[in-house]
Structures are given as C-alpha cells and as structure tokens.
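Architecture and fold: a report
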Amino acid sequence: MKLPVSASESFVEFAGVQKSYDGEVLVVKDLSLRIRRGEFLTMLGPSGSGKTTTLMMLAGFETPTSGDIMLDGARIDSLPPEKRNIGMVFQNYALFPHMSVAQNVGYPLKVRGRPKAEITERVAKALDMVHLGSFAARMPGQLSGGQQQRVALARALVFEPKLVLMDEPLGALDKQLREHMQMEIRHLHERLGITVVYVTHDQSEALTMSDRVAVFNAGIIQQVAPPAELYESPANSFVAQFIGENNRLPGRIEAANGTLCSVVLANGDVVTATLTDAARVGEECLLSIRPERVKIAPPGGPLDNHFEAVVAEMIYLGDHVRVRCVLDSGADMVVKIGNVEDRPVFAVGSRIPLGWRAQDCRALDAA
Amino acid sequence: MAVTALEGDAGPDVDRTSLKTKLRRAERVNRVRSFSLVAPLLLFVLAVFALPIGLMLVRSVENTEVRETMPRTIAALDGWDGQATPGEDVFAAFAEDLVQTQKERTTALVGKRINYEVPGARSRFLKAGRLIDAGGGGPWGEKFIASDPEWGSVEFWAIMKRAGNTLTPYYLLTSLDLRQDAEGAISRNAPDQSIFIDIFIRTIWISLLVTLATLVLGYPVAHLLAILPPARANVLMILVLLPFTTSILVRTTAWIVLLQSNGVLNDILLALNLTTERVQLIFNRFGTVLAMTHIQLPFTILPIYSVMKSIPASHLRAARSLGAGPLTAFVSVYMPQTLPGVGAGCLLTFILSLGYYITPALVGGPQDQMVSYFVALYTNREMNWGQASALGAILLLITLALYALFNRVVGIDKVKLG
C-alpha cells in the first residue's frame with residue numbers, strides 16, 4: 001500500500017504490523033499506516049475489523065505479532081503502556097468510581113509524582129476546558145453520561161500527551177449529545193494541536209470529525225483518505241457500501257476509454273461509468289452511485305446515463321423524500337429528492353426517467 | 001380535575017381520600033398475595049430461629065428452680081431482714097419444702113442451683129434431705145445447724161433468698177468472670193475461676209486469624225476467578241466450591257489424617273529431611289486455624305469474586321494508560337473497588353468463625369476451644385442451661401456489637417455479597 005504521508009512527516013507509524021490472538025487467524029493483516037503530527041485520524045470499520053486491536057497495540061495493551069510501531073521516531077513495541085505517555089479515552093469512560101472527579105482527573109499527575117499545588121491547578125484548568133469547573137468534588141456516579149465523557153476527556157488530556165487515543169468514546173451517548181460532543185472534541189483537537197487517533201464504527205462520526213479516515217475491514221485497511229474523498233471516490237465496493245448510502249448495480253465492464261468505461265447490466269443496458277483501480281476490463285463489477293447523485297430527468301440533458309425505472313416505494317423523511325425504484329435490469333435504485341415546494345409526486349408503479357453522470361458512477365470490484 | 005373543580009372547593013380533598021382508598025383496595029390483593037408467598041418462610045424462620053434465640057435469651061436470666069421447688073421457704077424469707085440467722089419460721093418452712101422435694105426427688109436440683117453460688121451446697125442439701133427422711137419434728141433450726149453449722153450462715157440465707165427471685169444476673173455475670181456477693185455488690189471472680197473472658201478473647205482472636213488467612217489466601221484466587229476466560233474460570237470455581245460438597249466433619253477428620261504426628265505431612269517432612277523429629281501440627285492453635293481457614297475459604301472468596309467480576313477490565317487499562325505502573329494501578333484503582341466484597345467476605349467468615357464448635361473440638365487442643373465448646377459443655381454435660389444460654393447471649397451481643405462497629409467504620413450499605 002502506498003503511504004500518503006512521508007516518513008519525515010510521520011508521528012505515528014505502523015510498519016507491516018500483524019496481530020493474531022490464537023496463532024491461526026490474523027486479526028490485523030499487514031498494517032502499514034502513517035499518522036501526521038497534529039492529525040485527527042479515525043479508524044472506521046465494522047466490529048471485528050481489527051480497528052480496536054490496532055488502537056490497543058498503539059496504546060501498549062496488545063503486542064504486535066510482527067511488525068513495528070513507531071511513535072515520534074522511536075520504536076515503542078517493548079514500552080509498557082504507562083511509559084508511552086499516550087492519553088486514552090475508553091468506550092465506557094473507565095472513570096474510577098471510588099475517586100471524585102478531581103481525583104480522577106488528577107490521577108495521571110499524581111502517579112507522575114507532581115506536587116499537590118500543581119495538580120490542583122492543572123486539574124482545575126483541565127476541568128474548565130471541558131466546562132466542568134464546578135463538578136470537581138462530585139463522584140463519577142453522580143454525573144450524566146455526557147459529563148462523565150468530559151471528565152474522561154479531561155483526564156486523558158491533563159498530562160498533556162502528544163497523542164490521544166479514543167476508543168468509541170461517544171458510543172453510549174444519545175444522538176443529540178453525541179453530535180454536540182463530536183464538535184467539542186473536534187474543537188479541543190484544533191485548540192490543543194494534539195494528535196488524535198479515534199476509533200468508531202459510526203461512519204457519520206468519522207466523516208464529521210476527522211482529517212483522514214482509515215476504513216478497516218477484515219484486518220486490512222481498505223482506504224485511507226480525507227472524508228470528502230472517501231465519500232466521493234471510494235476505492236472499492238466495501239468502502240462505497242460502508243460510507244454513506246449507495247446504489248449498487250452489478251454488471252460487466254465491456255470496454256474502457258481513458259477514465260471512462262462502458263458496463264453492461266444484466267438486461268443488456270449499457271452504463272457509462274468511471275473506471276477505478278478496483279475493477280478490470282472484461283470482469284464483473286459493481287457500479288456505485290450515491291442516491292443524491294441520481295436525478296429525475298428525461299433524456300436529452302447533460303447527463304451521461306438515462307434509464308427508466310418503476311417506482312416501488314416513496315419514503316417521506318422530512319427534509320427529503322426517498323424514491324425506491326426498480327430498473328429494467330432488476331436492480332434496486334434509491335433516489336433522494338430534496339423536500340422543496342415543487343417536488344414531484346409519483347404514483348407507485350409509474351415509470352419515471354432517471355439519469356446520472358459518469359463521474360458519479362464508479363465501477364468497483366464485484367465483491 | 002375539570003369535573004372536581006366544578007364541584008367546588010371541597011372537591012379535590014374528597015377526591016384525594018377516595019383515591020387513597022381506591023389505591024389501597026387495589027393494592028390489597030397484591031399485598032395479601034405476596035405476603036402469602038412469604039408467609040411459609042417467615043413462619044419457619046420465626047419458629048426455628050427467632051423463637052429459639054428468644055428462649056435462649058430468656059433462659060440466660062431465668063431462675064425458677066428454687067421458687068418452684070421451695071415456695072414456702074422463699075415466702076418465709078420474704079419477712080427476713082437479713083441481719084441475723086433466720087428464725088424458726090424459715091427453718092420450719094424449709095423443712096416442709098424438703099419433705100416435698102424428697103418426695104419429688106428434686107432436692108438435688110435445688111442443691112445444684114445453690115451450689116453454683118455456694119460451693120458444697122449440693123451435698124449439704126442432700127444431707128438435709130436425709131435428715132428429713134429420718135423423721136422426727138422441730139425445732140428445725142437447731143436440728144439443721146447441729147447437723148451442719150453452715151445452715152446458720154447469714155450469707156447462705158441471703159443467697160438463698162436471692163435465688164428465690166424469678167430473674168437472676170448470675171449466669172451473665174459469671175460469663176463475664178464477675179460475681180455478686182451476699183450483699184449484692186459486683187466484683188471480679190477469683191483468677192482461678194475466671195475463664196470466660198479469656199475464652200471470648202480467644203474466640204475473637206482465632207476468628208480474626210482465620211479471617212485474615214482466608215483473605216490473604218482467597219484474594220488472589222478471587223482475582224484469578226474474575227479474570228480467567230470463562231471455561232477455565234468455571235473449572236477453578238468448581239474447585240473452590242468442591243469443599244461445600246463434603247461435610248465439615250469429613251474435612252476436619254481429613255486434616256487429622258494429614259497433620260497428625262504419624263500423618264502424611266510429617267512423613268513427607270521427615271523424608272525430605274526438613275525436620276529431624278515429628279512436628280506437632282495438630283491439636284494446637286496451628287491445626288485449628290488451618291482447618292477453619294480451609295472450611296471458611298469459599299465464604300471469603302465468593303463475595304470478593306462477585307465484586308471483582310463487576311469491575312471493568314478497562315479501569316486497570318485506563319490507570320496504566322494514565323501513567324501508573326501495574327502495581328500502582330492495582331493498588332490505587334483495583335483494590336479500593338474490591339473493598340465492598342472484602343468487607344462482605346471477611347464479615348461473613350468472621351461471624352461464622354465466632355460460632356465454630358466441631359472443628360476446634362476435633363483438631364484443637366484444650367487451649368483452642370472456643371465459646372461454642374463451652375456452650376455445648378454446659379448444655380450436654382453440666383446440664384447448666386442457664387450458663388450455656390448466658391454464654392450464647394454474650395456471644396450474640398459481641399457479634400452484634402462488632403457488626404455495628406463494622407457498620408460505623410465501613411458502612412454495611414457499601415458491602416456487596418453479589
């Protein structure tokens with residue numbers, strides 16, 4: 001895999017890292033990844049994809065079966081977790097229930113033997129930073145989920161680590177609070193200039209927060225890219241499917257012409273699509289089109305592809321309407337229509353004209 | 001509400017009462033049903049637990065032997081001023097009572113009761129009984145005193161009079177190595193008769209040793225149980241629980257086989273040349289604490305285990321990631337969280353140990369017998385149920401006091417059994 005970050009820029013580097021728990025199955029397969037100083041990198045993937053294992057290896061709780069992990073130019077494979085100086089926020093916060101908020105936040109300073117006055121001062125500063133200045137004397141059990149999350153954040157930041165790891169830190173919060181905390185973490189990252197490695201299985205969280213996202217599946221990084229690139233130019237059908245909504249049309253690539261190719265669908269219809277590295281001419285492929293890029297447009301416009309489809313279902317979602325229709329090839333196609341005042345209304349069973357651009361339609365591997 | 005508002009000011013209050021009545025009526029069926037489910041156990045506990053304890057507490061101060069067997073004497077002593085030897089009326093009543101007790105063969109019973117407080121009283125009563133059997137008449141005073149000058153003792157009659165009360169502090173006082181003289185003043189018993197305080201201290205001390213030993217041995221096992229993968233933890237759990245499937249008697253006897261002078265352990269020690277002569281491992285304090293620790297281990301382990309099981313593994317990891325070494329993380333983050341379990345396990349083992357009887361009786365020496373042994377002794381051999389009950393009552397009191405102390409220091413609400 002090519003590494004978009006050069007060795008000199010790299011702050012954290014995984015070089016050919018493998019991990020197996022039982023000596024039979026590799027949970028992480030040949031992982032190579034460089035993370036810039038000050039970057040917010042998210043590891044995204046379904047459960048069991050190896051993202052948390054990767055994070056635990058970086059934190060020092062798991063040892064790589066082979067390969068190297070470098071932090072700031074030095075190998076850390078043999079360094080125990082407490083010597084790595086990496087802040088970590090856990091899934092369920094892992095606040096110590098027998099210590100007050102202040103004691104929790106002061107813990108990393110206390111075990112480092114800092115003087116009492118300094119601890120008090122830095123704890124107060126860290127709590128102010130997460131807007132919990134007045135909660136110092138409370139016990140964790142008396143706090144709401146969001147407040148506990150902030151305490152965990154303050155505790156991971158108070159000793160000024162250069163690298164902070166977050167393992168699905170917002171998983172237990174409700175939607176509104178989660179979105180609020182996403183922005184708060186993002187702002188803290190910008191303000192403090194720390195490097196953050198963030199693990200989540202929530203793709204929208206990954207897109208909103210990250211500088212770059214590494215998509216994991218089956219122990220392999222499928223793609224590392226900034227959110228916009230990930231969404232608009234997925235490298236393979238797994239990424240296309242995992243990030244955002246996706247229409248999939250199975251077909252076969254007949255011919256290629258530069259970046260474009262023509263793909264024949266099951267019923268013989270030909271689609272003009274963008275050819276990617278994941279697919280080859282003459283092979284089966286999967287076309288990927290985002291629902292919001294499919295237009296309801298009669299032929300003759302500027303769009304490269306025009307087909308008719310039968311409306312199967314109209315789903316009202318407030319800000320938009322989803323029209324599920326079936327193409328003549330038998331493939332399902334979902335179209336998103338913004339809920340504007342003059343939006344069209346279709347009867348179920350009626351035929352409507354659809355169209356999309358070749359550059360919005362990517363030919364990916366058939367897997 | 002809209003309707004009641006139309007009915008005027010009195011409306012809401014009337015409604016509230018009727019609402020309460022309605023609620024009570026609706027809940028009554030449920031209450032009756034749930035009570036009827038609990039009732040069998042409640043009655044069982046009352047009958048076999050609360051009632052016997054209550055009776056035992058009563059028996060520790062109950063004192064009816066003398067009043068029931070010698071009612072005339074006690075009535076006559078009512079008028080006695082306690083200054084000089086009682087008059088002929090008392091002796092005549094006493095003689096009349098003795099005629100009755102000789103017939104009913106209860107003279108020895110009264111003699112035994114008085115004997116607790118006046119050594120030698122039993123034989124004196126029996127002798128007096130024979131005097132009555134010989135026949136003849138009064139004046140009884142001279143006759144009794146002639147047979148034994150002690151019958152003229154003011155002190156004796158004072159104690160006799162006091163023994164006629166239905167309640168007595170005698171047994172409780174004796175359990176605390178205290179005595180009450182004829183005038184009613186309380187003083188310490190003679191050192192050669194003071195054994196019970198030592199026994200209580202010994203009981204508490206052995207229980208503490210056992211509690212400490214189970215904690216030191218059990219804590220790592222509980223931790224292992226909590227962190228092992230389920231398959232292996234289950235095997236270990238079976239090993240921990242295995243002793244429960246064997247009776248205490250069998251396990252204790254097994255220790256005798258292992259530890260006796262010609263036992264397995266001594267053979268091994270000799271074979272390995274670790275000792276040159278056989279070591280006394282049993283019938284002493286060591287054997288007692290060892291066997292009791294073995295029996296009590298699961299009681300300490302299980303509450304600690306169940307609390308440890310509830311501590312997320314991420315806490316230790318969080319502590320490590322925050323810069324604490326493995327030991328610091330364990331001591332400052334893990335151990336404080338196990339305290340509720342440690343408290344529960346230790347309290348359970350300590351209180352159970354206080355009542356041990358069979359194990360110290362089998363593997364302990366004379367210096368290792370605990371309060372329960374003496375309770376059994378007074379119940380079965382001495383037939384002095386008052387003394388047995390008083391020892392039991394004091395042990396119960398000590399247990400409750402320690403429990404209260406524990407509650408004050410640790411807080412019983414913080415204790416978790418599971």
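Residues numbered from 1 in each chain as written. Chains lettered and ligands numbered in written order. Predicted model: local features only at pLDDT ≥ 70, side-chain atom pairs only at ≥ 80, totals over all residues.

The test is simple: UniProt positions are given in the numbering used here, feature names are shortened, and annotations may be inferred rather than shown by experiment.
As annotated in an unreviewed UniProt entry, chain B is Putative spermidine/putrescine transport system permease protein from Ancylobacter aquaticus. UniProt annotates chain B under Subcellular location (unreviewed entry) with the comment "Cell membrane".

As recorded in an unreviewed UniProt entry, chain A goes by the name Spermidine/putrescine import ATP-binding protein PotA, listed as coming from Ancylobacter aquaticus.

**Focus: the interface of chain B and chain A**
Going by this rule: With C-beta atoms placed from the backbone, a contact is any residue pair whose C-beta atoms sit within 7 Å. Under the DSSP-based scheme used, a helix requires at least four consecutive residues in state H or I and a strand at least two consecutive residues in state E, with every element numbered from the N terminus. In the scheme used here, Gly and all other residues not listed as nonpolar or charged are polar, with Ala, Val, Leu, Ile, Met, Phe, Trp, Tyr, Cys and Pro taken as nonpolar and Asp, Glu, Lys and Arg as charged.
Contacts between chain B and chain A engage 15 residues on the former and 18 residues on the latter. Looking at the side of chain B that touches chain A, the elements that each hand over two or more residues are helix 16 (313-321) and helix 17 (326-354) of chain B. A per-element tally of the side of chain B that touches chain A places helix 16 of chain B first, with 6 residues. For the side of chain B that touches chain A, the per-class residue count stands at 6 nonpolar, 7 polar and 2 charged.

**Describing the domain arrangement of chain A**
All names here are of chain A. Put simply, the rule reads: Start and end positions for the domains come from either an automated domain assignment or a database one.
Domain assignment breaks chain A into domain 1 (10-237) and domain 2 (245-365). Contact residues are listed per partner, giving 4 residues for domain 1 and 6 residues for domain 2. Residues that form the side of domain 1 that touches domain 2 fall into these classes: 2 nonpolar, 2 polar and no charged.

**A few points about the sheet that holds strand 2 (residues 26-36) of chain A**
Residue and element names in this part refer to chain A. Convention followed: Two strands form a pair only when DSSP identifies at least two bridges running between them.
Spatially, 4 strands are ordered 2-1-4-5 in an open sheet, and the strand pairing comes out antiparallel. Across the chains shown, the open sheet's two edge strands, defined by having one partner strand only, are strand 2 and strand 5 (74-75). Bridge analysis of strand 1 (residues 10-20) against strand 4 (residues 66-71) gives 5 bridges, and the strand direction is antiparallel. Its bridge partner lying in strand 4, Glu13 is registered against Met70.

**Description of the UniProt feature "transmembrane region" (unreviewed entry) in chain B**
Mapped onto this structure's residue numbering, the UniProt feature "transmembrane region" (unreviewed entry) falls at residues 34-58, 204-228, 235-258, 282-305, 317-335, 341-364 and 385-406 of chain B. Between the C-alpha atoms that bound residues 385-406 of chain B there is a distance of 31 Å. The span itself is 100% helix and 0% strand.

**A short note on the domain arrangement of chain B**
One widely used convention gives an interface's size as the accessible area the parts lose upon coming together. In terms of domains, chain B is made up of domain 1 (12-59), domain 2 (65-168) and domain 3 (196-414). Taking the mean C-alpha position of each, domain 1 of chain B and domain 2 of chain B sit 51 Å from one another.

**Details of unusual backbone geometry**
All names here are of chain A. Heads up, the rule is: Whether a residue is buried, exposed or partly exposed follows from its count of other C-beta atoms within 10 Å of its own C-beta, namely 20 or more, 12 or fewer, or something in between, respectively; the C-beta atoms are built from the backbone.
If you check the backbone angles, Asp30 has positive phi at about 45° while not being a glycine. One can find Asp30 in strand 2. The class for Asp30 is partly exposed, based on 16 C-beta atoms found within 10 Å. In this structure, Glu168 is a non-glycine residue whose phi angle is positive, near 40°. Its place among the elements puts Glu168 in the loop between strand 7 (163-167) and helix 5 (175-192).

**Quick word on the nonpolar core**
Here is the rule we go by: By convention in this section, buried Ala, Val, Leu, Ile, Met, Phe, Trp, Tyr and Cys residues joined through C-beta atoms within 7 Å make up a nonpolar core.
Among the nonpolar cores identified, the biggest contains 107 residues, and Ala154(A), Leu165(A), Val197(A), Ala214(A), Leu287(A) and Ala363(A) are the most heavily contacted of them. Once residues lying within four places of it in the same chain are set aside, the contact partners of Val197(A) are Ile35(A), Leu41(A), Met43(A), Leu55(A), Leu58(A), Leu163(A) and Leu165(A). One finds Trp255(B), Val289(B), Val342(B) and Ala393(B) within the second-largest nonpolar core, a separate group that totals 45 residues.

**Observations concerning the environment of Ser353(B)**
All names here are of chain B. For Ser353, the position within the fold is in helix 17. The sequence separation of Ser353 and Ser207 amounts to 146 residues, and the corresponding C-alpha distance is 5.1 Å. If we skip the residues at most four places from it in the chain, Ser353 touches Ile206, Ser207, Val210, Thr211, Met292 and Gln296.

**A few points about the UniProt feature "domain: ABC transporter" (unreviewed entry) in chain A**
Following the UniProt record, one finds the feature "domain: ABC transporter" (unreviewed entry) at residues 12-243 of chain A. Along residues 12-243 of chain A, the helical share is 36% and the strand share 26%, with 25 Å between the first and last C-alpha atoms.

**Quick notes on the confidence of the model for chain B**
Residues and elements named next belong to chain B. Operational definition: Values of pLDDT, ranging from 0 to 100, describe the predictor's confidence in every residue of the model.
Residues at a pLDDT of 70 or more form 96% of chain B, whose mean pLDDT is 89. Element-level mean pLDDT values for chain B span from 44 in helix 1 (residues 2-6) up to 95 in helix 11 (residues 196-227). Segment residues 1-8 is flagged for pLDDT under 50; beyond a separation of four residues in sequence, or across chains, it makes 4 contacts in the model. As a predicted assembly, this complex carries a pTM of 0.80 together with an ipTM value of 0.83.

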